[in-house]
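Structure assessment
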Amino acid sequence: MSRQSVARAHQKIQELSWEPMYHQPVSQYGTDYTFRKAQKKDPLKQVLRSYFPMQEEKDHRVYGASDGAIRGNMFRQVQERWLEWQKLFLSIIPLPEISAARAMPLLFRNVPNPELHNGQAIQMIDEVRHSTIQQNLKRLYMNNYIDPAGFNSSLRNFQNDYCGTIGRQFAEGFITGDAITAASIYLTIVAETAFTNTLFVAMPAEAAANGDYLLPTVFHSVQSDESRHISNGYATLLMALADEGNHQLLERDLRYAWWNNHRVVDAAIGTFIEYGTKDRRKDRESYAEMWRRWIYDDYYRSYLVPLEKYGLVIPHDLIEEAWNQIWNKGYVHEVAQFFATGWLANYWRIDPMTDKDFEWFEYKYPGWYDRYGKWWEQYNRLSTPNGHHPIVAEDVDYQYPHRCWVCMVPCLVREDMVMAEVDGQWRTYCHEACRWTDVEAFRPTYQGRNTPNMGQLIGAREWETLYHGWNWADVVKDMGFVRDDGKTMVAQPHLNLDDPKKLWTLDHLRRMPNLQSPNVLLNQMTDADRAAFHANYIRGGPAGRPARD
Amino acid sequence: MTTATERSVPKPVFTDAEAGAKEFPDSTARRFNYYVPRKRKQTHYEDVTVEVQPDPRHYLAQGWLYGFANGKGGYPLDWTALKAWGSDRPEPVRSPGSGGQGYEWPAHGWHEFRDPNEEWELSLYRYNANVVRQVNQNIDAAKQAKAFDQWNPNWVRFVSQHVGAWMHVDHGLGLYLFANANRRGPTNMHNTAIAVNSMHLIRAAQDLALYQLTLDEEIEAFAGAAHLDTWNSDPTWQGVRDLAEQLTAIDDWAEAIFAANIVFQPLIGELFRSHLVMQAAPRNGDFVTPTIVGAEEYDFAERDLRYSTAIFDLLSNDREFAEHNSRIMNGWLAHWVGLAVPAARLLQPLWSQPDSKPARFEDALDRVKSRFAGIVEDLSLDLPKEVER
């Protein structure tokens, strides 16, 4: 169809909507936002007559590439270091995608603009596409990559694992709570508009550099849909801004959504890109450089800042603080170190860093070796069983961290850890912004205003609590992260599959001291001990080092 | 002499990381092991849909993390009155040292549902792309053959007003019943099938709207906006409209799917599409409209009804709650049939509007009642008195 006929066709399909005369559609999702009816145009201008063939054509390209990868033996050139991290990523991402589909109905009754509902319905089916096409990619990896363990148990693992729990926020946050907070601000305005750039553009580029051209094929195809979703979010945001009464809620939600996305997405994608790659060319962009380009410049400066003139209060301080965390406080490195510390509780193998990696890190992040180098040397030394424990139970100058109650990434930048007693329980937070999210934002009143539709943080949010006092072998068995011989672990702190003696088994874990929940222990302390503990904790780090007297 | 600087690009490396290169524990374990397939072998459809939506009753050790204001997270099973076996067992409670075990998979009977259409992205785009291509080709062929010149004035009016009115039903149900319900089912298999159903209806509505656009261009007497008045104020349509609006007002997701696909579509949708439009059109010189309306009919009869009966058949034969479910579904049947039959009867004047008449309204109604009775019997439910033969 020509552009003109697309415009005419789109105009015609607007005649399809109608105002109810006899019964109102069911209203199942509340919001504290208010919207006035407005003739906001559907920015997508998508008509299904052209949409379905377009998507089918995109599918042809994706599945053609998949066949080509298998016939061309792509896996002879894929870096295992990279593919192993995909066991985590591809276990997480189909859920956020399908959750985005499920989020669209939250907007129908709350955003009174039928023209926008068309775009939301198309986004819904786009998201079904993304979820199943990504699940299919994982299936292909499982069938063709050397080590299927972790792919083959993907969705049980993801649901039981603490990393999966961190990632699940990037899904559950879309579909619960205040409808606009969830489906508009958290999902489209922040997650899709800001962070899909690193997820679906930056990360695939790194995949290609590691011999995997299927991930870019699938995810660039996905990203070509995301641009439409970004338009959906923008149109809703402009409608929300039209009502002054929403500005306070928008300010709250942008702060929450921005900070939570930074904590969750930068933790995961930053680790994949920096620690999952073998490409150590000095002129390849680091995650920090990508972040500066894709998120700081493209999202913050080009998208958010111009919205200030419409009254949007932008969390400049938290955007600068996110950058501060990544650049000055080593956020991504701290997370990668923690994932590697806890390798035994995961379902993928984590390759030790080599001298070449060290050199690259030092070049990109001056001072990296002084902070993290020694620990990664210890990781390498302890990577194959030789009468010692896994690194988490060895003395390597690393203090096992507390969990953040909100983002569930541990409190790794030790100086930022804060505590609060909430609902009779002492909780730890990785940063003041996460404390604020729990104590102030996710509450039925906000700054004196009733917010009865705001969601709640629920669930058993500290993973270690579940296994307090358990032997590590039983923990791993309980989660199901064991291979088909009944004893070899799915996870390994190296990539060597040649020698069975180098593979860790449940027998090795039996000898370890029992797992202790930091939060359970914290709540057993007296007030004085707890205050002293906190004072000591925030003097620790970087790289997890305990405070020195 | 110039020297070429080497471009900085990643270098291919031989890693030998392909399946079968080495033997070790799990090296041949190449199937998803977290669910039990419906049949002996796992299907491609199952692999890409099953378990994507978690359930704290079997896995999900830490439970749902975000809740609504009432503290409920995820996909509460009480969003429908129907129950599958195991539904009443409480979610596992977590506490210090509780571990993360739930009930053995699947934990409850909702997870046993599989869409017989096996819909996922590849299938839904292929199917719908084929439909829109065929619809477009049919319309183009008709334009080239000057087929619309054959239409008599009454038929032109009928298509603009009444076929036009039907697209509002498709659009309203597609968006506010089916797309809405894709948030509410207990498993990914339910919600994916429902989302695909939604797109069938929204596409069908657009197929008809764009067909109207073409007719507006091709037929001088065609009133492109006539459908709006018909839908808004023609008494013939107000019963259908009232009912369609009531359908979008249902809170229980399963009742919404049931009322729409088990009751409304067979008794009103098929009555209008198969027994009026598709029968009357050829006699009035129109061979195009039946192909467009027929595409929608196929969506329903061969796909949407199919997955819906699979959902409800499982529930009416549930090993724990068959009686409970049948009682509720019989109540839904009685209620919605009681509304659908009078709404269908209000459509009766449409049968006399074309110059060349289709089969009598009563005969058409008898035929849809007969088909409807078959659907109800297949679900082992009670036939309401309004449709007894």
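Described below are features of the structure shown in this document. All figures in this text were calculated on a predicted structure; none of them were measured in a lab.

Reading guide: rules and limits
- Counting restarts for each chain: residues are numbered from 1 in the order of the written sequence.
- Chain labels run from A onward and ligand labels from 1 onward, assigned in the order the entries are written.
- In view of the model being predicted, local features appear only for residues whose pLDDT reaches at least 70, and side-chain atom pairs are presented and counted only at 80 or more, with totals across whole chains, interfaces and linings using the full set of residues.
- Excluding hydrogens and water, the side-chain values take into account all heavy atoms of the structure.
- Each helix corresponds to a stretch of at least 4 residues labelled H or I by DSSP, and each strand to a stretch of at least 2 residues labelled E; elements are numbered beginning at the N terminus.
- In this treatment the radius of gyration is a C-alpha quantity, and the globule benchmark scales as 2.2 Å times the residue count to the 0.38 power.
- Exposure categories follow from relative accessible area, calculated using a 1.4 Å probe and restricted to protein chains: below 20% of the type maximum is buried, above 50% is exposed, and the middle band is partly exposed.
- What makes two residues a contact is simply this: any of their non-hydrogen atoms within 4.5 Å.
- Each accessible area is a Shrake-Rupley estimate made with a 1.4 Å probe; only the visible protein chains count as cover when residues are assessed.
- Charged-residue counts in this description rest on Lys and Arg as positive and Asp and Glu as negative, His and the chain ends being excluded.
- Taken as the charge location is NZ of Lys, CZ of Arg, CG of Asp or CD of Glu.
- One bridge is not enough; two strands pair if DSSP finds at least two bridges between them.
- Once two parts are joined, some of their accessible surface, as seen by a 1.4 Å probe, is lost; buried area is that loss totalled over both.
- Note on definitions: salt bridges are taken to be side-chain nitrogens of Lys or Arg within 4 Å of carboxyl oxygens of Asp or Glu.
- Two N or O atoms form a polar contact when they lie within 3.5 Å of each other; inside protein one atom must be a possible hydrogen donor and the other a possible acceptor, and for residues adjacent in sequence the pair counts only when both atoms belong to side chains.
- Stacked, edge-to-face and tilted are the three classes for Phe, Tyr and Trp ring pairs, Trp counted by its six-membered ring, which pair at centre distances within 6.5 Å; planes under 30 degrees apart are stacked, over 60 edge-to-face, the rest tilted.
- In this scheme, Lys NZ or Arg CZ marks a charge over a ring once it lies within 6 Å of the ring centre and within 35 degrees of the ring normal.
- Each helix should span, by expectation, one fewer than its residue count multiplied by 1.5 Å.
- Each axis is a line fitted through C-alpha atoms, taken for helices only over the stretch in contact, and angles between the N-to-C directions span 0 to 180 degrees.
- Orientation labels follow simple angle bins: below 35 degrees gives roughly parallel, above 145 gives roughly antiparallel, 65 to 115 gives roughly perpendicular, and whatever is left gives oblique.
- Two helices that cross are described as forming a left-handed crossing if the nearer one is turned anticlockwise from the farther one by less than a right angle, and a right-handed crossing if clockwise.
- Polar here means any residue other than Ala, Val, Leu, Ile, Met, Phe, Trp, Tyr, Cys and Pro, which are nonpolar, and Asp, Glu, Lys and Arg, which are charged; Gly is therefore polar.

Looking now at the overall build of chain A. Of the regular secondary structure elements, chain A holds 22 helices and 5 strands. Over its C-alpha atoms chain A spans a radius of gyration of 24 Å, differing by no more than 12% from the 24 Å that the globule rule assigns to 549 residues. Across the 549 residues that make up chain A, the buried fraction comes to 68%. The contacts of chain A with a sequence gap of at least 6 include a subset with a gap of at least 24, amounting to 77%. As displayed, chain A has an accessible area near 17,200 Å², and 48% of this comes from carbon and sulfur atoms. If the 60 positive side-chain charges of chain A are averaged to one point and the 69 negative ones to another, these points end up 4 Å apart.

For the rest of this paragraph, the subject is the pairing of strand S1 (residues 418–422) of chain A. Residues and elements named next belong to chain A. As paired strands, S1 and strand S2 (residues 425–429) are joined by 5 bridges and run antiparallel to one another. Within S2, the residue paired with Val422 across the bridge is Gln425. Between S1 and S2, which pair antiparallel and follow one another directly, the connecting turn spans 2 residues, one of which, Asp423, has a positive phi of 50°.

The subject of this paragraph is the interface of chain A and chain B. In this assembly, 120 residues from chain A lie in contact with 112 residues from chain B. Of the roughly 10,400 Å² buried between chain A and chain B, counting both surfaces, carbon and sulfur atoms make up 58%. Our enumeration of links across chain A and chain B arrives at 6 salt bridges. Here Glu121 of chain B and Arg129 of chain A are joined by a salt bridge, their closest N and O atoms 3.4 Å apart. Inspection of the chain A/chain B interface yields 74 residue pairs in polar contact (both at pLDDT 80 or more). Bridge analysis of strand S5 (residues 456–457) of chain A against strand S1 (residues 66–67) of chain B gives 2 bridges, and the strand direction is antiparallel. By the bridge assignment, Gln456 of chain A is partnered in S1 of chain B with Gly67 of chain B.

With that out of the way, let us pick up the packing of aromatic side chains. This model, assessed by the stated rule, comprises 68 aromatic pairs over all chains. On the basis of an interplanar angle of 85° and a centroid distance of 6.1 Å, the ring pair of Phe75 of chain A and Tyr141 of chain A is categorised as edge-to-face. Of the two residues, Phe75 of chain A sits in the loop between helix H2 (48–71) and helix H3 (80–92) while Tyr141 of chain A sits in helix H6 (residues 114–144), which places them 66 residues apart along the sequence. This pair shows no difference in class: Phe75 of chain A is buried, exactly as Tyr141 of chain A is. A centroid spacing of 5.5 Å and a plane angle of 50° characterise the contact between Trp463 of chain A and Tyr467 of chain A, whose relative ring orientation is tilted. Judged by relative accessible area, which is 1%, Trp463 of chain A ranks as buried. Taken together, the ring pairs connect Tyr275, Phe358, Trp360, Phe361, Trp368, Tyr369, Tyr372, Trp375, Trp376, Tyr379 and Tyr398 of chain A into an aromatic cluster. Above the face of the Phe361 of chain A ring, Arg280 of chain A is positioned so that its terminal group lies 4.7 Å from the ring centre. The ring of Tyr127 of chain B has Arg303 of chain B sitting right over it, with the charged end atom 4.3 Å from the ring centre.

If you walk through the whole model with that rule in mind, you get 61 salt bridges over all chains. Across the pair Glu217 of chain B and Arg8 of chain A runs a salt bridge whose closest N-O atoms are separated by 2.5 Å. Highlighted residues: Glu217 of chain B in helix H4 (residues 188–218) and Arg8 of chain A in helix H1 (residues 3–13), drawn from two different chains. Exposure remark for Glu217 of chain B: the relative accessible area of 44% places this residue in the partly exposed category. The salt bridge partner of Arg81 of chain A is Asp351 of chain A, with a shortest N-O separation of 2.9 Å. Highlighted residues: Arg81 of chain A in helix H3 and Asp351 of chain A in the loop between helix H14 (331–341) and helix H15 (355–364), separated in sequence by 270 residues.

With 31 residues, H4 of chain B ought to run about 45 Å at 1.5 Å a step, and its terminal C-alpha atoms sit 44 Å apart, in line with that. Counting buried positions along H4 of chain B gives 28 out of 31 residues, so the element sits mostly inside the fold.

Another point: the packing of helix H2 (residues 121–144) of chain B against helix H8 (residues 289–316) of chain B. Residue and element names in this part refer to chain B. Where H2 contacts H8, the two axes come as close as 9 Å, and the packing angle between them is 160°. Relative to H8, the element H2 is oriented roughly antiparallel. Handedness of the H2/H8 crossing: right-handed. Contacts from Tyr127, Val131, Val135, Asn138 and Ile139 of H2 reach H8 at Thr291, Ile292, Ala295, Tyr298, Asp299 and Arg303. Taken together, the residues that form the contact of H2 with H8 break down as 7 nonpolar, 2 polar and 2 charged.

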